[in-house]
Amino acid sequence: MAGSSNGKATEADVSNAFYEDEENLKKLCDFLRSKEGPAVREAVLREKRVHYLKGEKLVNYLVEPKKGTNWPKNLHRFQDRQEAIAVCKKLCKIQFILRSEKLGKGELEMSRVRDFDESGYFTWIYEGNKTFSHLMTSILIGGFFFCTCFPIWPTFLKVFVWYLSVSFLLFIFFLVSVRGFMFLCFWIIGFEFWFLPNIFDEQLGFYDSFKPVYSFEKTKSGQLIYRLGVGGAFFAFCYWAVTQPSEFDGYKSAQIDFIKDLYAGKLLPEKSQFDKENIDKPKYQSLEDILASSDDEEEVVKLTEEEEVDSILDNLLDEEEDIDEELD
């Protein structure tokens with residue numbers, strides 16, 4: 001028994017000595033923040049999106065990682081919960097994790113208690129290597145300057161961006177319409193069905209917005225009257241669309257024409273932004289325009305004089321022919 005206790009003490013001493021080095025703690029945090037690490041949730045802390053988890057889950061993962069986890073060979077394994085808790089306290093001390101309190105769904109605030117406790121919630125402050133973050137920031141800045149140069153873009157690139165924007169707008173409109181139509185059909189018969197129920201939830205991240213793919217549950221009690229009323233109006237509209245094909249076809253053709261005009265860019269204003277900004281300023285002709293217009297007027301005058309001489313000669317010839325006819 002004494003040998004066993006001495007062995008555990010030795011393992012604990014090795015673990016404490018290993019994780020006394022901050023570089024080893026950084027390696028541990030890099031592993032915990034990777035895909036192999038424990039599951040985390042997203043929330044907002046001081047208007048910043050962060051990841052957090054419960055202290056108990058962090059300790060459980062350090063002691064018994066989930067099945068199939070590839071623990072790095074350059075990191076010391078934890079033998080018991082006391083070792084894991086001691087390392088978690090070090091992470092709190094050097095502010096790699098921060099204790100937080102839940103305010104509501106997806107909202108956190110900093111806790112006044114800074115010590116580690118398995119029952120508390122802890123937000124990841126450690127961000128690891130920022131090379132990728134700096135690269136993405138550079139790409140974002142470059143993209144911003146690229147967009148500001150839109151007036152000097154080549155025509156084919158402007159047309160491509162226009163088609164891409166219109167297609168994205170139509171896709172969003174189609175997605176919203178289909179989601180609403182499917183919900184309405186199921187809600188009338190007593191169920192609530194949503195396709196991508198969290199797609200417009202601002203509190204969730206990009207990937208979490210697509211989870212779950214759908215939700216299906218029974219409607220709450222007391223909605224029968226509303227469902228009957230909405231169902232009657234819906235079937236009345238369907239009956240009108242079937243029995244009045246000319247009006248509905250006209251509405252459909254108008255929407256198709258609208259989409260065609262939208263893609264063709266005919267809905268854009270004909271006036272440029274420069275003309276709009278200077279619409280109240282008087283317009284003066286340039287010197288080149290004045291000289292060009294004066295040259296055109298001189299040519300017109302010259303042509304008019306030649307035409308008058310030709311008409312006089314023609315009249316004289318006509319008069320001579322008339323006189324000859326009278327003499328004959």
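Coordinates for the structure precede this section.
Keep in mind that what you see is a predicted model, and the values were worked out from it rather than measured.

The subject of this paragraph is unusual backbone geometry. The residue after Lys211, namely Pro212, is reached through a cis peptide bond having omega -10°. Looking at the element boundaries, Pro212 is found in the loop between strand E6 (191-195) and strand E7 (214-218). Within the chain, Glu47 stands out as a residue other than glycine whose phi angle is a positive 60°. Of note, Glu47 is situated in the loop between strand E1 (41-45) and strand E2 (48-54). Classification of Glu47 as exposed rests on a relative accessible area of 80%.

The subject of this paragraph is the sheet that holds E1. In space, the five strands of this closed barrel follow the order E1-E2-E5-E3-E4, with mixed pairing throughout. Strand-to-strand twist in this sheet, taken as the mean axis angle between neighbours without regard to direction, amounts to 55°. Across the face of the sheet, helix H3 (residues 55-63) comes into contact with E2, strand E3 (97-104) and strand E5 (121-124) while running at roughly 65° to E2.

This part takes up the packing of aromatic side chains. According to the stated counting rule, one finds 19 aromatic pairs in the structure shown. Between the aromatic rings of Phe31 and Trp71, the centroid separation amounts to 5.1 Å while the plane-to-plane angle is 65°, which identifies the pairing as edge-to-face. Of this pair, Phe31 sits in helix H2 (residues 22-33) while Trp71 sits in the loop between H3 and helix H4 (81-93), and the two are 40 residues apart along the sequence. Judged by its relative accessible area of 6%, Phe31 falls in the buried class. With a centroid separation of 5.0 Å and an interplanar angle of 40°, the aromatic rings of Phe186 and Phe193 are classed as tilted. A relative accessible area of 13% means that Phe193 is categorised as buried. Among the aromatic side chains, those forming a connected cluster through ring pairs are Phe18, Tyr19, Phe31, Tyr61, Trp71 and Phe78.

It is worth spelling out the nonpolar core at this point. Leu28 and Leu62 are the most contacted members of the largest nonpolar core, which totals 27 residues. Looking at this core, the elements with two or more residues in it are H2, H3, H4 and E5.

On to the packing of H3 against H4. Direction vectors running N to C along H3 and H4 enclose 125°, while the axes themselves pass 9 Å from each other. It follows from the interaxial angle that H3 and H4 lie oblique. Considering how the two elements wind past one another, H3 and H4 form a crossing that is right-handed. Across the interface between the two elements, Glu56, Leu58, Val59, Asn60, Leu62 and Val63 of H3 pack against Arg81, Ala84, Ile85 and Cys88 of H4. Each residue belonging to the contact of H3 with H4 can be placed in one class, and the counts come to seven nonpolar, one polar and two charged.

Turning to the pattern of salt bridges, a few remarks are in order. Where side chains of opposite charge bring their charged atoms close, a pairing between them can arise. Tallying each qualifying case throughout the model produces five salt bridges. Of the charged contacts, one joins Lys26 and Glu23 as a salt bridge, the two residues approaching to 3.9 Å between their closest N and O atoms. A residue pair is termed a helical-turn pair when its members lie 3 or 4 positions apart in one helix, as Lys26 and Glu23 do in helix H2 at three residues. Taking relative accessible area as the criterion, Glu23 reaches 44% and is therefore assigned partly exposed. Put simply, Lys48 and Glu127 hold a salt bridge, and the shortest N to O gap is 3.6 Å. Pair noted here: Lys48 is in strand E2 and Glu127 is in the loop between E5 and helix H5 (131-148), with a separation of 79 residues, a long-range link. On the basis of relative accessibility, which here comes to 48%, the residue Glu127 falls in the partly exposed class.

It is at 13 Å that the axes of H2 and H3 come closest, and there the two elements cross at 105°. Taken as axis vectors, H2 and H3 run roughly perpendicular relative to one another. The segment H2 lies against H3, with Leu28, Phe31 and Leu32 engaging Leu58, Tyr61 and Leu62. Here the contact of H2 with H3 is built from residues that sort into six nonpolar, no polar and no charged.

What counts, and where the lines are drawn
- Residues numbered from 1 in each chain as written.
- Predicted model: local features only at pLDDT ≥ 70, side-chain atom pairs only at ≥ 80, totals over all residues.
- Heavy atoms only, no water.
- Helix = DSSP H or I, 4+ residues; strand = E, 2+ residues; numbered from the N terminus.
- Buried < 20%, exposed > 50% of the residue type's maximum accessible area, 1.4 Å probe, protein only.
- Pairing = 2+ DSSP bridges.
- Axes fitted to C-alpha atoms, helices over the stretch in contact; angles between N-to-C directions.
- Contact = heavy atoms within 4.5 Å.
- Phe/Tyr/Trp six-rings, centres within 6.5 Å; stacked < 30°, edge-to-face > 60°.
- Core = buried A, V, L, I, M, F, W, Y, C linked by side-chain atoms within 4.5 Å.
- Parallel < 35°, antiparallel > 145°, perpendicular 65-115°, else oblique.
- Left-handed = near helix turned anticlockwise from the far one by under 90°.
- Nonpolar A, V, L, I, M, F, W, Y, C, P; charged D, E, K, R; others polar.
- Salt bridge = Lys/Arg side-chain N within 4 Å of Asp/Glu carboxyl O.

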